Each structure stands twice: as structure tokens, then as C-alpha cells.
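Given next are the chains, with one letter for each unit.
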Amino acid sequence: MPPHAHAAHPLSTQDSTRIDDLRIGAVRPLITPALLQEWLPVLPAAQALVESSRAAISRVLHGQDDRLIVVVGPCSIHDHDQAMDYACLLKEQADALAGELLVVMRVYFEKPRTTVGWKGYINDPHLDGSFAINEGLELARTLLLDIVGLGLPVGTEFLDLLSPQFISDLVSWGAIGARTTESQSHRQLASGLSCPVGFKNGTDGGIRVACDAILAAQAPHAFMGMTKMGQAAIFETRGNADCHVILRGGKAPNYSAADVQAACDLLRAAGLREQVMVDLSHANSSKQHRKQIEVAAAVGEQIAAGDARITGVMIESHLNEGRQDIVPGQPLQRGVSVTDACIGWEQTLPVLQGLARAVQARRSRR
């Protein structure tokens, strides 16, 4: 008998249908992470790339590498072949600019929604409300293996608390979004993740919640989760020393020199490293995708002027610019985002080259 079972509890099975699962429409089986990883294992070359790129990002964050981390790619992934076409273009530039930029492809599978909408490639890979989550997990892992197989590190947002068990072994950098930076569960998750993690400032622009998140993620935690074998378990983490703040704007943009200074003042007061990554999109571009180009130029000027506290940028970029809605029965335009609007590849290339020149200028000032 369980230690707290009531002695007078009847032996017959209780009917709990009156009080339990009243709003559950269906329960379907979920593949285990261990089985998916057996089907789609990490090859030695991919493992080596993940290890080396994580270490390189960590060196940038700890001031041992003066390159700029650039997390660039589609707002969200919705098509394997289009993502690979983008990855091939990006890989060529990542190699060409490797002396100045540490390029990580943005490969986002899960999208936070303000109310409702398409939740991403894992949740609904067919974009039709069929919620083929097991297939979505397989497709997501397949894509990550293919991109890493090109020699390109990947970054993603960790939104769902269970999905990291299926794909996080392939991720070199992770983000916790503005809506979840304040979440205790996500801070605990970050404390146990094997990759560096960026916390975005709050949706109102507040930096303190991100500072608090870094402090929390640096500490050890114990929490409930799911093992690779699909069993419920208690996880005890060691803490993550590779966390940082991402400035994404709020009620107003926050990428100016004064904003960077204010964020670094808060970080210093909290005993944290004075460093920021700047998200060129979201509130920093007032949700106008082309404005990312202006923001990149402004941030580049700060870098070129010698500011070493700017350690990275994020860019929402796809094969073609703009965005489109998912309309049943209507074909999608190729290489156009189905979530937030992105700049196109032709616009992205000069942005990357400009940032590389800014890093060169920063080096020349030493």
C-alpha cells in the first residue's frame, strides 16, 4: 500500500470520470526519444561539429573569441527542401566569413502563439490541423541531421518542455523566448541543457527578467521530466554557465548604444557578464522585416566603434522576403515564411558581409 493511502479506501476501482480528464478529447501514443534516436542516430562527424560549435560559442560568450555569433534563418521551418536550400546558401557564406562571424542557422520548430494559430513543424508538420506530432518529431530530427551534416551548426527555441529530449543533442545554441523567459520551468530546463542558451528580454522590454533567468539557469535544479526511454523521472541539473541576454525590444526598440549600456549596467549589478545579443527583428524592427537591415547597420556601427559587449545578433531571413498565410487548398509560395515576415537571401548576404566588416573594424581598434 502506498504510504499515504487511506486505510478505509475501498478495494474496488474508483470511477474518476466525473472529475478527471473532463476536457481531454483524445490521448495518443508518443514515440520515445530513445527509439527516434536509434532510427536517426548522430554520426561521428555531426557529433564532432555539435561539440566544437558549442565550445566555440562558449568561448565567444566568455571573451576568448572576438567573433560575432550570428543566428540567422527562417522565422520558422515548414518545409524540409526549402530549409536545405537555405542551409546550402548559408553554409557557403558561413565558410567565407568564418574569420569574423560564427554563423548558426536558425531552425525553429515550435512557435509561441499569442492566441491560436499554427504551432510549428513538430506540432503540425502538414500545416492542416492533423497534429501528426510523432511524424513532426521524426521530420525535425531528420532536418537537423541533414543541416548539421553540411557542417552548419543549428540553433532553436526551446518552447515545449519534452521535445528537447528528441532533438537537443543536435542543437549548438538555444533560445528561451520573451513569453517564457519568466517561466520557472524553462529556466530549470536551461540549467540542464548541454548548449549555450540566450534569454530574451520580456515582451515589455524589461531586462531584469532575463538577468533573473540567467541567475536561475546558472544554479542547479531538480524537476520532473521524461527520460530518453519515455519514463517519468526526477532530473537534477548542474547549472548552465553559458547563458546570456538577447535584446529584442519591447514597447520600444532597445538596440541603441544607450540600451546596450543600460542592459550591461543591470547585468554588472547582478554579478553577470556584460554582454548582449541583439535580435534585429521583433520589436527592434517594429515588426517591419526590412527594417532589420537598418538595425543591423546601427548595431554594426557600435561593433565597429569597438563595443565588445555585443557578442551576437539574430536575423529572421528566408529564401524570399515577406510572409504568407496558410490557406487550406491554396499552394504556398516557395521560400516565404508562414509566420513572421523575413528578409530574403539577397538582402541577407550584404547584412552578413557588413557585420563581418564591423568585426574587422573592431579588431583594428585594439
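Residues numbered from 1 in each chain as written. Predicted model: local features only at pLDDT ≥ 70, side-chain atom pairs only at ≥ 80, totals over all residues. Heavy atoms only, no water.

Engineer: Pulling in residues and values, what's your account of the overall build of the chain?
Structural biologist: Counting its secondary structure elements, the chain contains 10 helices and 10 strands. Taken over the C-alpha trace, the chain has a radius of gyration of 21 Å; the compact-globule value for 366 residues is 21 Å, and the two agree within 12%. In the chain, which comprises 366 residues, the share counted as buried stands at 51%. Nonlocal contacts in the chain, meaning residues at least 24 apart in sequence, comprise 71% of its contacts between residues at least 6 apart. (Helix = DSSP H or I, 4+ residues; strand = E, 2+ residues; numbered from the N terminus. Rg over C-alpha atoms; globule rule 2.2 N^0.38 Å. Buried < 20%, exposed > 50% of the residue type's maximum accessible area, 1.4 Å probe, protein only. Contact = heavy atoms within 4.5 Å.)

Engineer: Can you break down the packing of aromatic side chains residue by residue, with the values?
Structural biologist: Scanning the model with the defined rule gives 3 aromatic pairs in all. Arranged with centres 6.0 Å apart and planes meeting at 20 degrees, the rings of Phe 109 and Tyr 121 form a pair that is stacked. Taken as a pair, Phe 109 in the loop between strand S2 (101-106) and helix H4 (133-149) and Tyr 121 in the loop between S2 and H4 lie far apart in primary sequence, 12 residues in all. The exposure classification of Phe 109 matches that of Tyr 121, with both residues buried. One cation-aromatic arrangement involves Arg 106 over Tyr 108; the distance from NZ or CZ to the ring centre is 3.7 Å. (Phe/Tyr/Trp six-rings, centres within 6.5 Å; stacked < 30°, edge-to-face > 60°. Lys NZ or Arg CZ within 6 Å of the ring centre and 35° of its normal.)

Engineer: Before we move on, could you go through the packing of helix H6 (residues 184-192) against helix H7 (residues 208-218) and cite the residues and values that matter?
Structural biologist: Close contact between H6 and H7 brings their axes to 8 Å; oriented N to C, the two are set at 50 degrees. When the axis of H6 is compared with that of H7, the two are oblique. Note on packing geometry: the crossing formed by H6 with H7 is right-handed. Contacts between H6 and H7 involve Arg 187, Ala 190 and Ser 191 on the former and, on the latter, Val 209, Asp 212, Ala 213, Ala 216 and Ala 217. (Axes fitted to C-alpha atoms, helices over the stretch in contact; angles between N-to-C directions. Parallel < 35°, antiparallel > 145°, perpendicular 65-115°, else oblique. Left-handed = near helix turned anticlockwise from the far one by under 90°.)

Engineer: An account of the pairing of strand S7 (residues 232-236) is needed here, citing residue identities and associated values.
Structural biologist: Judged by how many residues are buried, S7 sits mostly at the surface: 0 of 5 residues are covered. Here strand S6 (residues 222-226) pairs with S7 via 5 bridges, running antiparallel. Following the sheet pairing, Met 226 is matched in S7 by Ala 232. As consecutive antiparallel partners, S6 and S7 are separated by 5 residues, and within that stretch Gly 230 has a phi angle of approximately 85 degrees, a positive value. (Pairing = 2+ DSSP bridges.)

Engineer: So what's going on with the sheet that holds strand S1 (residues 68-73)? Which residues, and what values?
Structural biologist: Here we have 8 strands rolled up into a closed barrel, ordered S1-S2-S3-S4-S5-S8-S9-S10, and parallel in their pairing. Neighbour-to-neighbour, the strand axes of this sheet turn through a mean angle of 30 degrees, independent of strand direction. Where strand S5 (residues 197-200) meets strand S8 (residues 243-247), 4 bridges bridge the pair, whose relative direction is parallel. Pairing of Lys 200 across the sheet is with Ile 246, part of S8. Here helix H3 (residues 80-96) sits on the sheet in contact with S1 and S2, set at roughly 175 degrees to S2.

Engineer: Provide a residue-level description of the pattern of salt bridges, including the pertinent values.
Structural biologist: In this structure the tally under the stated criterion is 14 salt bridges. In this structure, Asp 169 engages Arg 141 in a salt bridge whose closest nitrogen and oxygen atoms are separated by 2.9 Å. Within this pair, whereas Asp 169 is found in the loop between helix H5 (164-167) and strand S4 (173-176), its partner Arg 141 is found in helix H4, the two being separated by 28 residues in sequence. Since its relative accessible area comes to 25%, Asp 169 is described here as partly exposed. Across the pair Arg 268 and Asp 265 runs a salt bridge whose closest N-O atoms are separated by 3.2 Å. Of the two residues, Arg 268 and Asp 265 both sit in helix H8 (residues 257-269), 3 residues apart, roughly one turn of that helix. Through salt bridges with shared partners, a single ionic network connects Asp 66, Glu 100, Arg 363 and Arg 366. (Salt bridge = Lys/Arg side-chain N within 4 Å of Asp/Glu carboxyl O.)

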